[in-house]
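# Analysis of the macromolecular model
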Amino acid sequence: MNAVWIDTETAEAPTATPAPEPGRALKIERETHKLEKRLCRQVGQAIVDFNMIEAGDRVMVCVSGGKDSYGMLDILLKLKARAPIDFELIAVNLDQKQPGFPDHILPAYLKQLGVPFHIETQDTYSIVKKVIPEGKTMCSLCSRLRRGILYRVADELKVTKIALGHHRDDMLQTFFLNMFFGGKLKGMPPKLVSDDGGHIVIRPLANVAEKDLTRWAAHRQFPIIPCTLCGSQENLQRKQIGNMLRDWEKQYPGRIESMFTALHNVVPSHLMDHSRHNFKDIKTTGLPSDDGDKGFDIESFALPTLPGLQLVSA
Ligand code: SF4
């Protein structure tokens, strides 16, 4: 089954010898083709790894008008066409009546795609404006209202899964936000039960890098709707963490990939949460273990390879 979700042909074969410099247009076409294959492979992999979509599922794809949710719908439609199982997709947009929201764009786009869709119109903007004093951030109430409405719509549309367009970088940012400001090792799960206990929420873009979604959106010329219409300030902390991660990646290429891989490889016995590991009853086993601590050594790691970086021995 996996072979069809994840097209093995999509693996990017390393080019042994550099091809002669093609024309620019040809080069762009090749890169775009590789990007499409990578996106399909990464989404397919997430679906398989976390059993996100099953036969008979009716998936509500939340579309905001931003690049990420357009990308998610686009890739899910491609995968649906070749998936080994039958499932339905229904695109849902919540029009919150933000001033200047161009409410014709999404219906026109979705109609042209030929995907079933539903536009829910609820003026949460006026409620939030009425309740939150001027100058205070509106996001927390706004998103609470939005969540409640989307859960109700999910019930009305009888969907079995709700798909959100968060990507790998959102997940890493959330991980660091929780660690820096919330005192928790906690990220953004690829699949979870909603807070009201009634819905399964999936994040098919869990493996996808934001920069790939940006490139895909430009290539597909999605009719992007700006996300600043509400006038609320951007989440400053999230922005700072995003900048920090980008700076790290610039300084140490590959660091984001490594951190993301780390989210898949948790070792509770080497953390300090006694609810996850029974430290109290630890006993010697008398058996050597490759995973055990090597005496009292501090673990060492390969240094990042950076242009111009040299190890100087004392
Ligand atoms: S940015 Fe605007 S639309 Fe988004 S959650 Fe905040 S208040 Fe709501």
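Model, not experiment: these values are computed from the prediction.

## Overview of the overall build of the chain
Along the backbone of the chain there are ten helices and six strands. Counting the 314 residues in the chain, one finds 24% classified as buried. Taking as baseline every contact in the chain between residues at least 6 positions apart, the subset at least 24 positions apart corresponds to 78%.

## Examining the pairing of strand S3 (residues 117-121)
Pairing of strand S2 (residues 88-95) with S3, which is carried by five bridges, proceeds in the parallel orientation. Bridged to Leu94 within S3 is Glu120.

## What to know about helix H5 (residues 124-131)
Taken residue by residue, H5 has Thr124, Tyr125 and Val128 as its buried positions. The arc that holds the buried residues of H5, viewed along the axis, is 105 degrees, so those residues lie on one side. Away from its buried face by more than 90 degrees, H5 exposes Ser126 and Lys130. Check the buried side of H5 and you find it contacts helix H6 (139-156).

## Structural notes on the packing of helix H2 (residues 24-49) against helix H8 (residues 210-220)
H8 packs onto H2 with a crossing angle of 125 degrees between their chain directions and a minimal axis gap of 11 Å. By the angle between their axes, H2 is oblique relative to H8. In the packing of H2 onto H8, the handedness of the crossing is left-handed. Contacts between H2 and H8 involve Thr32, Leu35, Arg38 and Leu39 on the former and, on the latter, Asp212, Arg215, Trp216 and His219. Looking at the contact of H2 with H8 residue by residue, the class counts come to three nonpolar, two polar and three charged.

## Thoughts on unusual backbone geometry
One non-glycine residue, Asn51, lies in positive phi territory at about 45 degrees. On the secondary structure map, Asn51 appears in the loop between H2 and strand S1 (58-62). Exposure remark for Asn51: the 9 C-beta atoms within 10 Å place this residue in the exposed category. In this model, Lys97 sits at a positive phi of 65 degrees, which is unusual for a non-glycine residue. Tracing the backbone through its elements, the reader meets Lys97 in the loop between S2 and helix H4 (105-113). For Lys97, a count of 16 C-beta atoms within 10 Å gives the class partly exposed.

## A word on the environment of Leu271
With respect to the element layout, Leu271 can be found in the segment after helix H10 (255-262). In the structure, Leu271 is positioned 86 residues away from Leu185 in sequence and 9.9 Å away in space, judged by C-alpha atoms.

## Digging into the sheet that holds S2
An order of S3-S2-S1-S4-S6-S5 is seen for the six strands of this open sheet, with the pairing classed as mixed. Two strands lie at the open edges of the sheet, namely S3 and strand S5 (191-193), each paired on one side alone. Across the sheet, the mean angle separating the axes of adjacent strands is 25 degrees when strand polarity is ignored. Of the pairings in the sheet, the one linking S1 to S2 comprises five bridges and is parallel in character. Of the residues in S2, the one forming a bridge with Val59 is Leu89. Contacts from H6 reach S1, S2, S3 and strand S4 (161-163), with the element oriented near 145 degrees to S2.

## Digging into the nonpolar core
Judged by nonpolar contacts, the single largest core of 43 residues is most densely connected at Val43, Met60, Val61, Cys62, Val63, Ile162 and Ala163. Ranked by the residues each element gives to this core, the list is headed by helix H3 (residues 67-82), at six residues. Excluding anything up to four places from it in sequence, Met60 contacts Ile90, Val92, Ala154, Leu157, Val159, Lys161, Ile162 and Ala163.

## A few points about the confidence of the model for the chain
With 89% of its residues at a pLDDT of 70 or more, the chain has an overall mean of 89. Residue range residues 306-314 is modelled with pLDDT below 50. Its contacts to residues more than four positions away, or to other chains, number two contacts.

## Section: the packing of H3 against H8
At a minimum axis distance of 9 Å, the contact between H3 and H8 shows a crossing angle of 75 degrees. Of the possible angle classes, the one that applies to H3 and H8 is roughly perpendicular. Where H3 approaches H8, its residues Lys67, Asp68, Tyr70, Gly71 and Asp74 are matched on the opposing element by Leu213, Thr214, Trp216, Ala217 and Arg220. Among the residues forming the contact of H3 with H8, the class breakdown is four nonpolar, two polar and four charged.

## Considerations on the environment of Gly231
Positionally, Gly231 belongs in the loop between H8 and helix H9 (236-251). Separated by 133 residues in the primary sequence, Gly231 and Gln98 have C-alpha atoms spaced 8.9 Å apart.

## Here's the deal with the pairing of S2
What joins S1 to S2 is H3, and the crossover it makes is right-handed. As for the winding sense of the linkage, the β-α-β connection from S2 through H4 to S3 is right-handed.

The rules we used
Residues numbered from 1 in each chain as written. Predicted model: local features only at pLDDT ≥ 70, side-chain atom pairs only at ≥ 80, totals over all residues. Helix = DSSP H or I, 4+ residues; strand = E, 2+ residues; numbered from the N terminus. Buried ≥ 20, exposed ≤ 12 C-beta atoms within 10 Å, placed from the backbone. Contact = placed C-beta atoms within 7 Å. Pairing = 2+ DSSP bridges. Arc of directions from axis to C-beta. Axes fitted to C-alpha atoms, helices over the stretch in contact; angles between N-to-C directions. Parallel < 35°, antiparallel > 145°, perpendicular 65-115°, else oblique. Left-handed = near helix turned anticlockwise from the far one by under 90°. Nonpolar A, V, L, I, M, F, W, Y, C, P; charged D, E, K, R; others polar. Core = buried A, V, L, I, M, F, W, Y, C linked by C-beta atoms within 7 Å. pLDDT = per-residue confidence, 0-100. Right-handed = clockwise from strand over helix to strand, strands pointing away.

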